[in-house]
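Each chain is listed here by its residues.
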Number of protein chains: 2
Amino acid sequence: MENRTISFRSRPRIVATSTVAGTKECRGVIGRYVETALDDDMYGESTYEKAERKMLKKVIFGAIENAGRRAEEVDLLVSGDLLNQIISASFAAREIPVPFLGVYGACSTMAESLAVAAAFIDGGFIRRAVAATGSHFASAERQYRYPLELGTTRPPQSQWTVTGAGAALVDSVGDGVRISAATLGKVVDFGVTDVNNMGAAMAPAACDTILAHFRATGEDPSAYDLIVTGDLGALGSRILKDLTWEKGLDLSGNHVDCGEIVYNVIEDEFQGGSGAGCSAVVLNSYFYSKMMGGSLRRILFVATGALLSPVSSGQGESIPCIAHAVVLER
Amino acid sequence: MENRTISFRSRPRIVATSTVAGTKECRGVIGRYVETALDDDMYGESTYEKAERKMLKKVIFGAIENAGRRAEEVDLLVSGDLLNQIISASFAAREIPVPFLGVYGACSTMAESLAVAAAFIDGGFIRRAVAATGSHFASAERQYRYPLELGTTRPPQSQWTVTGAGAALVDSVGDGVRISAATLGKVVDFGVTDVNNMGAAMAPAACDTILAHFRATGEDPSAYDLIVTGDLGALGSRILKDLTWEKGLDLSGNHVDCGEIVYNVIEDEFQGGSGAGCSAVVLNSYFYSKMMGGSLRRILFVATGALLSPVSSGQGESIPCIAHAVVLER
């Protein structure tokens, strides 16, 4: 029997979060929930990459501080990001005196890092960990696509990489949102080669993990207040609903995508937000607040990642994708 | 108290390994131990990146097969590599029907993936996992340094990225080498900026993790037949012995570095081997064979990684490094 869903018997707790987001992001629904709203997307730094790293460092320390802890009390940092060699995470970790596990799951990193942190805590190996990730529109554009200075036109199926970061402090004790289970993703590739259409590429991976989760748990979507995907965007979200519908699973009543809701729709973003920071910011600000406030009781958080690189696309490859899911309860 | 060493009470077992290595590598000490010795470093592929990916896929399936298992019986693949967005691991995972956790620890990946696999098994979440990584000289050169076609002269402090891959099947049952503990690394940066001198950059990270390990366990180096580092090379290995000596720890009697021993010394490699594939191949062929054969009983395997990228170096940054250690017993 397939065994992709793991249960965390002690249900580790997200006792605090921290988020930072850019100017464009804060004009949307998360604006009232984000801890640090930037008024300058460069964050006072000289390069986009340094701004991204500073955001990530800010939220990691922020989550520790918001939990009333010192860094020395944290046993593990699980983090990754979109940049080559995950330099945002690695360089942030350099300034944080905590053991570090670097992970790479592209935009699925928030779910992957939460699952790893919860497993290390529930396994009894550590007491508390920080799970964190982020992204920056400008660093992602120049690494994956074109330098902004070229002024390249974006096609209508594209999304806009979120400038922002989010961190969660996961603890073995204390009050917070509980992590009760995780369903680990397999790599799924439906042959999409359009690097501007991440939603279409990632939707099959989300579908695969969601189906595996419900098969393993015997639950149906009504067991969750919301099934929250990471950054499929408007088009990808519709594709996911279609794919799951074909498999006999109706998500239409309670599915929402962080990428679809993060921006007030204006012309530029087309299908909505993307990037590792997208689900990290929306989960750790908006959804965390709603769960702690009691208006959401149980969500399935499914972050999706497109595991391509410019090199793989340049060598004619399609886009392999993955989705990891975690069950969050209050 | 600092808590970086975690114990695996059930001592998960490496029940099988698989390795592949390039032509130059197989002329050295590992030649007699490697499972698949290439006679063509392109491995029949059209690009270096595809050759690297094919090696990684080969050893993942190889470890599963050598354990007498089918892929469907494996619950988790933990893998990463040096390429941007770890495309070798992600694209290999696309062809393997197993849940995938992508990790990034540069050349420390073999130890990081073994630690994560052991934690998931010892925590009771899964039964068996594959930990795997690899590298290719030519793909690493053109990504981190210069295209080979330029014929750039290498400085004497440089190392040679190993063309090869290694995988270990870690199981909750069966006969094999036991993983009894892991000490997770912190990011350490002593300010080295020379991207051709990885040994000097990484040695302080190895020192930090080894000291933390002995502090936590109360052991001294004599508790191990060997303390095996990943790819410090000849110079880095000497620096490590100096640094630990200054801290009152004498490694001179039983320290060996995979990078230092992997090649028969000829002019080109200078300080020896490096790359995620270096420690992966040497551990999973030579050392695994020695442990299963009984001539080595207990080793501390400390793989080191340099967490730089060409972008971070181009922006004037020094090289943050990390080392993860696992205790292997027979």
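Residues numbered from 1 in each chain as written. Chains lettered and ligands numbered in written order. Predicted model: local features only at pLDDT ≥ 70, side-chain atom pairs only at ≥ 80, totals over all residues.

Summing up its helical and strand segments, chain A has ten helices and 14 strands in all. For a compact globule of 330 residues, the expected C-alpha radius of gyration is about 20 Å, and chain A comes in at 18 Å, within 12% of that figure. Once the C-alpha set of chain A is aligned to its principal axes, its extents read approximately 50 × 50 × 35 Å. Relative to its 330 residues, chain A shows a buried fraction of 66%. The long-range share in chain A, meaning contacts at least 24 apart out of those at least 6 apart in sequence, stands at 79%. (Helix = DSSP H or I, 4+ residues; strand = E, 2+ residues; numbered from the N terminus. Rg over C-alpha atoms; globule rule 2.2 N^0.38 Å. Buried ≥ 20, exposed ≤ 12 C-beta atoms within 10 Å, placed from the backbone. Contact = placed C-beta atoms within 7 Å.)

Residues and elements named next belong to chain B. Neither face of strand β4 (residues 76-79) is open: one carries L76 and V78, the other L77 and S79, and all of them are buried. Inspection of the sheet shows β4 paired to strand β5 (residues 100-102) by three bridges, in the parallel sense. If you follow S79 over to β5, its bridge partner there is G102. With helix α3 (residues 87-94) bridging β4 and the parallel β5, this β-α-β connection has right-handed handedness. (Pairing = 2+ DSSP bridges. Right-handed = clockwise from strand over helix to strand, strands pointing away.)

Further remarks concern the relation of the copies chain B and chain A. Superposing chain B onto chain A takes a rotation of 180° plus a shift of 0.0 Å along the axis, which leaves an RMSD of 0.0 Å. Accordingly, the operation relating the two chain copies is best matched by a two-fold axis. Most of the interface of chain B is mirrored in chain A, where 100% of its interface residues are also at the interface. (Least-squares fit on C-alpha atoms with pLDDT ≥ 70 in both.)

With that settled, the discussion passes to the interface of chain B and chain A. Contact with chain B, which involves 48 residues of that partner, is made by 48 residues of chain A. For the side of chain B that touches chain A, the secondary structure elements donating two or more residues are α3, β5, α4 (109-122) and α10 (310-314) of chain B. Counted by class, the side of chain B that touches chain A contains 26 nonpolar, 13 polar and nine charged residues. (Nonpolar A, V, L, I, M, F, W, Y, C, P; charged D, E, K, R; others polar.)

On to the confidence of the model for chain A, then. Per-residue confidence for chain A gives a mean pLDDT of 96, with 99% of residues at or over 70. Interface confidence for the predicted complex, expressed as ipTM, amounts to 0.97; the pTM equals 0.98. (pLDDT = per-residue confidence, 0-100.)

Here we take up the domain arrangement of chain A. All names here are of chain A. As assigned here, chain A comprises domain 1 (5-171) and domain 2 (177-329). The distance between the C-alpha centroids of domain 1 and domain 2 comes to 17 Å. If you look at the interface, domain 1 gives 54 residues, while domain 2 gives 59 residues. When contributions to the side of domain 1 that touches domain 2 are tallied by element, the ones reaching two or more residues are β1 (5-7), β2 (13-21), α4 (109-122), β6 (128-135), α5 (137-144), β7 (160-161) and β8 (164-171). Sort the elements by how many residues they give to the side of domain 1 that touches domain 2 and α4 lands first, with seven residues. (Domains from an automatic or database assignment.)

All names here are of chain B. Take K57: it is sitting in helix α2 (residues 48-66). We classify K57 as buried; it has 23 C-beta atoms within 10 Å. Sequence spacing of K57 and A89 is 32 residues, and the spatial spacing of their C-alpha atoms is 8.1 Å. For K57, the residues in contact, after removing those within four places along its chain, are A92 and E95.

Glancing now at helix α5 (residues 137-144) of chain B. The complete set of buried residues in α5(B) reads B:F137, B:S139, B:A140, B:Q143 and B:Y144. Buried-residue contacts for α5(B) involve α2, β6 (128-135), β7 (160-161) and α10 of chain B.

Attention shifts here to the nonpolar core. In this structure, A:A129 and B:A129 are the most contacted members of the largest nonpolar core, which totals 250 residues. Non-local contacts of A:A129, meaning those with residues more than four positions away in its chain, are made with A:V74, A:D75, A:L76, A:L77, A:V78, A:A117, A:F120, A:I121 and A:V170. (Core = buried A, V, L, I, M, F, W, Y, C linked by C-beta atoms within 7 Å.)

Our next topic: the environment of A:L251. Residues and elements named next belong to chain A. For L251, the location among the structural elements is in the loop between α7 (233-246) and β11 (255-257). Here the alpha-carbon distance between L251 and I210, two residues 41 residues apart in the chain, equals 10.0 Å. In contact with L251, other than residues within four places in its own chain, are P221, I227, L240, K241 and T244.

For the rest of this paragraph, the subject is unusual backbone geometry. Residues and elements named next belong to chain A. In this structure, A106 is a non-glycine residue whose phi angle is positive, near 50°. With 32 C-beta atoms counted inside 10 Å, the residue A106 sits in the buried group. Here F270, not a glycine, exhibits a phi torsion of approximately 50°, which is positive. With respect to the secondary-structure elements, F270 resides in the loop between α8 (258-261) and β12 (273-274). Note on F270: 20 C-beta atoms within 10 Å, which makes it buried.

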